[in-house]
Every structure is written in C-alpha cells, then in structure tokens.
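Spelled out, the chains give:
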Amino acid sequence: MASSAGTEGITKRAVAGSFLFKIPNGDDKQAKVALFRRSSKVRTYQHKLAPCSGSVEKDDASPLATALREIGEETTLPPSSLDLLRVGKPYSFIDDSLRREWNINPFAFRLKDVSEGGKGEEGITLDWEHDGIEWFDPREVDGSDEFGGVPNLVTSLRRVWPEYDLGFEAGKVLTEGLQKLRDDHKHGASELAGMAVTTLRQLIVQMASSQPLDESWWYNVRMAAWHICQARPSMGAAITTAIIKALQALQDIRNSGMDGAGKTQRIIQALDRHQTQRNSMTDRIRDSFIEYLRSNISRHGITKDRVSVLTLSSSSTIATCLQHVVSTLGVTIDLRVLESRPLNEGVSLASRVLKKAEAGSDLHITLYSDASAALAAQGIDYVLLGADLISSTGDVSNKIGSLPAVLSARHVSPNAKVVILTDTGKIVGPASPVDRHSEEVDPSELSRSWKDVVEGADVLESGDSRVSVKNAYFERVPAEFIDIYVTEQGVWKGEQIQQQSDWIDRTVKQYFDDL
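Q: When you look at the overall build of the protein chain in this model, what are you seeing that I'm missing?
A: A tally of helices and strands in the protein chain yields 16 helices and 19 strands. Relative to the 2.2 N^0.38 estimate, which gives 24 Å for 515 residues, the radius of gyration of the protein chain is 26 Å and therefore close to what a compact globule would have. Each principal axis of the C-alpha atoms in the protein chain carries an extent, and together these give about 80 × 70 × 45 Å. For the protein chain, the residues scored as buried account for 51% of the 515 residues in total. For the protein chain, the accessible area works out to roughly 23,800 Å², and carbon and sulfur atoms hold 48% of it. Charge centroids of the protein chain, computed over 59 positive and 71 negative side chains, lie 3 Å from each other.

What follows is the structure, given as structure tokens:
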C-alpha cells in the first residue's frame, strides 16, 4: 500500500514515467493513452498497469533523457517516432510495502504515425518487462484496485494530461497555448511572456463556465500555470515572472469576499491590467537607456558627437531603444549589426530601426557577417545585448553569437561598455544557472542555406553518421564581461540582480511547491 508515513529505513529511487498517447487528427476527445502490463520478471508491481518507466541513472543527462532511453529499450521506438507533449511536475511518495520513496518524473509523448515519419503503434515491440500494452480513454483511468494500476498512476497521468481535471475545452486552450510557446522561434522572451499570460487568461475564462472558484479551481489554475512556465525553458525566466505576478493578482481577488461571478470578472480585469503594465515595460527600459547614454556622452565635461553601437539578433526592446536614440539623442549613431544566422534576425533589426528613422536622421547602419565580429567591434562605444535569461550571479543567456561579439569587443575595443537591455522578469532563481537552458533546434535551418549553393553540401547531407549539424540558439555571457543591466527600474548592478533572484525563488515556491 502506498503511503507518506514512516521514513526510517526508506530507500529512494528516481524514475521517469512516460505516457504514450495516440491523438487521431489532433482531436483530444479521441485521445488514447497506452498503459503497459508489467510482467512477472520485473522486481516491483508485477502484472500492474503502468506507464513506460525506468530509473534515472546518475549518468543520465536529465529525466527526459531517461524517459527516451527507457521508451527505446522497452518498445524499440526511437525519439523520431515521438513528439513531447508535456513535462509533468515531479512529485514523491512512499510505498510502505517496499520501504521505498519514489521520486516520479512524469512525461507525455504523442506517438507519431507513419505518415509523419514515425513508426506508429505497429512499430512497438515490447521487451521482457511487459506482457502487453492496452489503450485507454484517459478519463477512464482510475486508481481503484479493480483497474489494476501501479500506485499513484492517476496522479502521474493528471500531471501530464490536464484535461483529466480541466475538461476538454479548457484543456484544449492550455494545449494550444503551450504549443504556440514551444513553436515560436521568432519572438523574444518578453513577447512570449505576454503570450503566456494571454494563455492563462483564456484558460480562466474557459474554466469559469464549468468550475466554481474553490480550492480545486485554484489548484488547477496553479498546475496549468506551472505547465505554462515550463513550456520554453530557454525563455522560462520571463514567462515565469509574468505568470507568478499574474497569480499574485489572482490570489488577492480570490481571497476577497466577493461572489463567484464577480470574482471571475475582477480576475479577468486584473490580468488585463497586468498585460497593460507589461506592454509599457519597454518604454520604461527605453527611458532608462536614454538617461544612461546621456550621462555617458557628457561625462567629464566632454560631449561626444558620435556613438558607435554593436548589436545582433532582433530584440524588440533593443529595436525600440535604438529607434528612440536616433530620434532624440542629437548625435550621429553608428549602428553595426551582426546578421545573426541562421534566421538572419539582425537584418530584421536593422530594417526596423531604419524604417522608424526620419529621413535625413544622423544614422548609419552597417551589416556584418557573424564571423566578422572582431572587425565590427573596432572602435565601438557599446555592445548592446538583450537577455533571455539572467542568473542570480548576473550571467546572461542570449542569442548565439553574443559571447564572440563581447570577447571581440574586449580585445579590439577594451573601453567599450557591454550593456544588457532587459526587463527584470528575465532573472531566474538561484537554482537555475543559465547553462541549463540551452536550446537546439532543427539543424535544417542551417543546412538549407547550403543547398544548391555550396559545393559539397550534398555530401554532408547524404546521411553519413559521421556528420552532425548543431543549431544552438542560445549561449552564456559571463557576468564578468558585463558592465551594466539597463532595466525598467533603472540601471542595475549585481546586487539588485541577486535580490530579484531571491524574490523569484521565494514566490515560485509559494505557488508551486505544494502541487
């Protein structure tokens, strides 16, 4: 019998448990989840129904890596046959009968069919750990002895299939919102944070028609919010900060004595005000940046008549700040932009700044290849970068190419200042070093630019296992190379970064630790 009492003599084991789903035509109402009948040869829970499970080994890169390995071993399905739907919030429980504490890392994968390049259900070959596989409507999975599942089977399922608690319509809103966040590689972290709050708002509107605003509602909202925060780890700081500030507003209203309908309306209004405040954040960063530049241009009684800036990628915050600098600062702006392959966002940035510049404005834009960072950095005054994440120690995760630009500037223009333009929502808690949030995407974004253009590209694309193409989106710029952080709250140094990180840590625990 599973329990949470009596910890003396308990051994601990971390496992990854993966639920495989078939979702015909993308219709969640037709979804089926696979449960595996454990064989008599396994050490625990023989003949019980369970997700595809296995222990997290010390040399596994992550629980997700464990999940993919175990699926491969137990079903022969390769990662190319799977689409990661959700990462469930980990939890623990003690099984007194085994004297063991299980630390569960739940995952949900959609099984790709043959038309999508996957192996489909027909590609599943079970190993010795299972006697069979059975498909269920997720709503019919229960925790009764008659159903015959492993302990806490429903708890694990609910953490990756919110439709179990939310219902299909609200679940669909959440699923579509999560997918948009995962698939959007065009917008920056601030825009994605706004999209995240919009998803939470839409979800609450949908839930209002079917659920009272009781403790169960609050639990479901917080669990959905947790999923939203996990949708894009590389952008997770901005998304998490926006979401927990939204939850703070919801909690204040929820604790009021107003009736249900009135509370719902006030909650929606509070989220709309939250979004309005977020939309003004770039203007406040812009004003802080202009003030910073003016103080530096006129330093020591000497006024500069030309400012040279090196930047890259296509941060909307940087674009807005540069547009304002051109129109208000009254000096020549020498803007140098790295093209930022593979999607050439730097070209888009240069275009946005040029379009907004008045005819005859004192602006000169030069575009450089990424490999020309050292050449582009010669004689500059500032390296201007955005941020997708900022660690508690001030390290910054930003678009790939940021570190070479900074190092080049340090070498050829040692007096140049490295300036981070960011909202404070990009700061993560102390337990989240930015190195954990690397993100690699489709390598064809790189290789398609070679096709029919570069001699020998066909040889590299022949499928030879000795060749791989890496397309990383983000990298870390250590705090030691950064001079200041310009935020909506003014110019910050390391001390303010640490304080904000501590607040994030406390608030995240407040809303999510008891889920």
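Moving on from the model shown.
Q: Which parts of the structure should I look at to understand the pairing of strand β11 (residues 332–338)?
A: Taken across its seven residues, β11 has seven buried, putting it largely inside the fold. Of the two faces of β11, the one holding Thr332, Asp334, Arg336 and Leu338 and the one holding Ile333, Leu335 and Val337 are both buried throughout. Taken together, the seven bridges between strand β10 (residues 306–312) and β11 define a ladder with parallel strand orientation. The partner of leucine 310 across the bridge, within β11, is arginine 336.

Q: Looking at this structure, how should I read the packing of aromatic side chains?
A: In this description, a pair of aromatic rings is defined by centroid distance and the angle of the planes. With the rule as written, the count across this model stands at nine aromatic pairs. Look at phenylalanine 136 and phenylalanine 147: their rings are 5.1 Å apart centre to centre, the planes differ by 55 degrees, and that puts the pair in the tilted class. Of the two residues, phenylalanine 136 is situated in strand β9 (residues 130–136) and phenylalanine 147 in the loop between β9 and α2 (153–160); the sequence distance between them amounts to eleven residues. The burial state of phenylalanine 136 is the same as that of phenylalanine 147; both residues are buried. In this arrangement the basic side chain of lysine 22 is found over the ring face of tryptophan 135, its NZ or CZ atom lying 4.3 Å from the centre. A cation over a ring is seen here: lysine 399 above tyrosine 473, with NZ or CZ 5.0 Å from the ring centre.

Q: What am I meant to see in the pattern of salt bridges here?
A: Any two side chains of opposite charge can pair, on the condition that their charged atoms come close. According to the stated counting rule, one finds 25 salt bridges in the structure shown. Between glutamate 73 and arginine 69 there is a salt bridge whose closest N-O contact spans 3.6 Å. Taken together, the positions of glutamate 73 and arginine 69, both in helix α1 (residues 63–75) and four residues apart, correspond to about one turn of that helix. For glutamate 73, a relative accessible area of 43% corresponds to the partly exposed category. Put simply, glutamate 163 and arginine 86 hold a salt bridge, and the shortest N to O gap is 3.3 Å. With glutamate 163 in helix α3 (residues 163–166) and arginine 86 in strand β6 (residues 82–87), the pair connects residues that are 77 residues apart, well separated along the chain. As far as burial versus exposure is concerned, glutamate 163 and arginine 86 are alike and both buried. One network of salt bridges, in which partners are shared, links Asp60, Arg69, Glu70 and Glu73.

Analysis parameters
Residues numbered from 1 in each chain as written. Predicted model: local features only at pLDDT ≥ 70, side-chain atom pairs only at ≥ 80, totals over all residues. Heavy atoms only, no water. Helix = DSSP H or I, 4+ residues; strand = E, 2+ residues; numbered from the N terminus. Rg over C-alpha atoms; globule rule 2.2 N^0.38 Å. Buried < 20%, exposed > 50% of the residue type's maximum accessible area, 1.4 Å probe, protein only. Areas by Shrake-Rupley, 256 points an atom, 1.4 Å probe, with all protein chains shown as cover. Lys, Arg positive; Asp, Glu negative; His and termini not counted. Charge placed at Lys NZ, Arg CZ, Asp CG, Glu CD. Pairing = 2+ DSSP bridges. Phe/Tyr/Trp six-rings, centres within 6.5 Å; stacked < 30°, edge-to-face > 60°. Lys NZ or Arg CZ within 6 Å of the ring centre and 35° of its normal. Salt bridge = Lys/Arg side-chain N within 4 Å of Asp/Glu carboxyl O.

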